[in-house]
Amino acid sequence: MKDMRTVYLNGDYLAEDEAKVSIFDRSFLMADGVYEVTSVLGGKLIDFDGHRVRLERSLNELDMQKPEGFDDLLEIHRELVRVNEIEDGLVYLQVSRGAADRDFMYPDPEDVKPTLVLFTQNKPGLANSPAAAKGMKVISIDDIRWGRRDIKTVQLLYPSMGKMMAKKAGCDDAWMIQDGFVTEGTSNNAYIVKGNKIITRALSNDILHGITRAAVLRFAREAQMEVEERSFTIDEAKEADEAFITSASAFVMPVVEIDGVSLGDGTPGSVAKRMREIYLDESLKKAV
Ligand code: PDD
């Protein structure tokens, strides 16, 4: 049987089966909520501050109030990691606009307070995943998501559908395409490598501004590698020397096949492997 976790709900630490949210919660009825996923390695949080800052931005973009406890988020994360004895894993955080009778209009923030939920996921050996040695296979699918993908909302049905389409095709994930150009993976940012140059789509409302992306591009530049922030087509990707993805849960993960086309010799490329190593080393040094 799975161990009972301690989770956080609106100020309380509770056993996971005791934490209950209203059926009127707007994240349940309207997907009116935002979230963050922060990884834990060696019991410490990776890139915590980046996730906190992006959460604040998501809340602002949606005129959502900061939940009570916002200023204590680091302590709450740490307490959950401690009581659940997480060595390697993830902390999931969600803020919704709160519980109000169903209405398209936002409730008055004076009457309705945001819901804040956090829970952990234990993932022993997260940084040593065998998938990193093997590399991922991706398919391409149309990007039919809404136009504010820079806000990290809980509207994740299409990304879920994309992962299921990938699974059905015997692959690991899907890259989404808009006007011929790759936007991002279903839950990660997408990159190709040509020679020594790392190419990834520039920031806009079309993609999530990945916290791992920001760190990886900074480390790449510090290591004197060339970085080009521009859009690339799926055809250009299939002809690239290498490809990879980044996210808080996968770190840097090589991509070895796109729509059945092998990249290079079909094994993880040297740039992806190097960036994974640098990212893990440097992030661990700054982990809190
Ligand atoms: N996903 N793009 C999308 C659409 C994402 O959902 C994510 C993160 C990223 C990478 O962002 P970051 O480096 O900040 O994790 C890019 C998380 C991990 C998830 O939904 O589980």
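All of the points below concern the structure found in this document. (Residues numbered from 1 in each chain as written. Predicted model: local features only at pLDDT ≥ 70, side-chain atom pairs only at ≥ 80, totals over all residues. Heavy atoms only, no water.)

### Concerning the overall build of the protein
Regarding its fold elements, the protein presents eight helices and 15 strands. At 19 Å, the protein has a C-alpha radius of gyration in line with the 19 Å of a compact globule built from 288 residues. Taken along the three principal axes of its C-alpha coordinates, the protein extends 55 × 40 × 40 Å. For the protein, buried positions account for 50% of its 288 residues. Within the protein, contacts between residues at least 6 apart in sequence are counted, and of these 71% link residues at least 24 apart. Separation between the mean location of the 37 positive side-chain charges and that of the 49 negative ones in the protein comes to 3 Å. (Helix = DSSP H or I, 4+ residues; strand = E, 2+ residues; numbered from the N terminus. Rg over C-alpha atoms; globule rule 2.2 N^0.38 Å. Buried < 20%, exposed > 50% of the residue type's maximum accessible area, 1.4 Å probe, protein only. Contact = heavy atoms within 4.5 Å. Lys, Arg positive; Asp, Glu negative; His and termini not counted. Charge placed at Lys NZ, Arg CZ, Asp CG, Glu CD.)

### Here's the deal with the layout of surface pockets
One number sums up the size of the largest pocket: a volume of about 990 Å³. In this structure, the largest pocket is lined by 41 residues; those nearest its centre are Tyr35, Lys152, Thr186, Ser187 and Asn188. Mapped by element, the contributors of at least two residues to the lining of the largest pocket are β3 (33-41), α2 (48-61), α5 (157-168), β9 (181-185), α6 (211-222) and β13 (242-247). The greatest single-element share of the lining of the largest pocket, amounting to four residues, is contributed by α5. Looking at side-chain class alone, the lining of the largest pocket contains 17 nonpolar, 15 polar and nine charged residues. Domain assignment of the residues forming the lining of the largest pocket places at least three in each of domain 1 (6-125) and domain 2 (130-286). Estimated volume of the second largest pocket: approximately 270 Å³. Along the wall of the second largest pocket there are 17 residues; nearest its centre are Leu9, Val21, Gln94, Val117 and Phe119. Considering every element that reaches the lining of the second largest pocket, the biggest residue donor is strand β5 (residues 89-96), with four residues. (1 Å grid on protein atoms, 1.4 Å probe; cavity = no way out; pocket = protein on both sides within 12 Å on 5 of 7 lines; lining within 4 Å. Points joined across faces, edges and corners; volume = space filled by probe spheres on them. Nonpolar A, V, L, I, M, F, W, Y, C, P; charged D, E, K, R; others polar. Domains from an automatic or database assignment.)

### Let's talk about the sheet that holds strand β2 (residues 12-15)
Strands in a sheet are paired, the pairing made by backbone hydrogen bonds, and the direction either parallel or antiparallel. Overall, antiparallel pairing links the six strands, which are arranged β2-β1-β6-β5-β3-β4 in an open sheet. Two strands close off the open sheet at either side, each with one partner strand: β2 and β4 (44-45). Across four bridges, strand β1 (residues 6-9) lies against β2 in antiparallel orientation. Counterpart to Leu9 in the pairing with β2 is Asp12. Across the sheet, helix α3 (residues 73-83) is in contact with β1, β2, β3, β4, β5 and β6 (115-122); its angle to β6 comes to roughly 35 degrees. (Pairing = 2+ DSSP bridges. Axes fitted to C-alpha atoms, helices over the stretch in contact; angles between N-to-C directions.)

### Topic: the pairing of strand β12 (residues 226-229)
The pairing of strand β11 (residues 197-200) with β12 spans four bridges and is classified as parallel. Across the sheet, Lys197 pairs through a bridge with Glu226, a residue of β12. You can see the chain leave β11, run along α6 and come back into β12, and the turn it takes is right-handed. (Right-handed = clockwise from strand over helix to strand, strands pointing away.)

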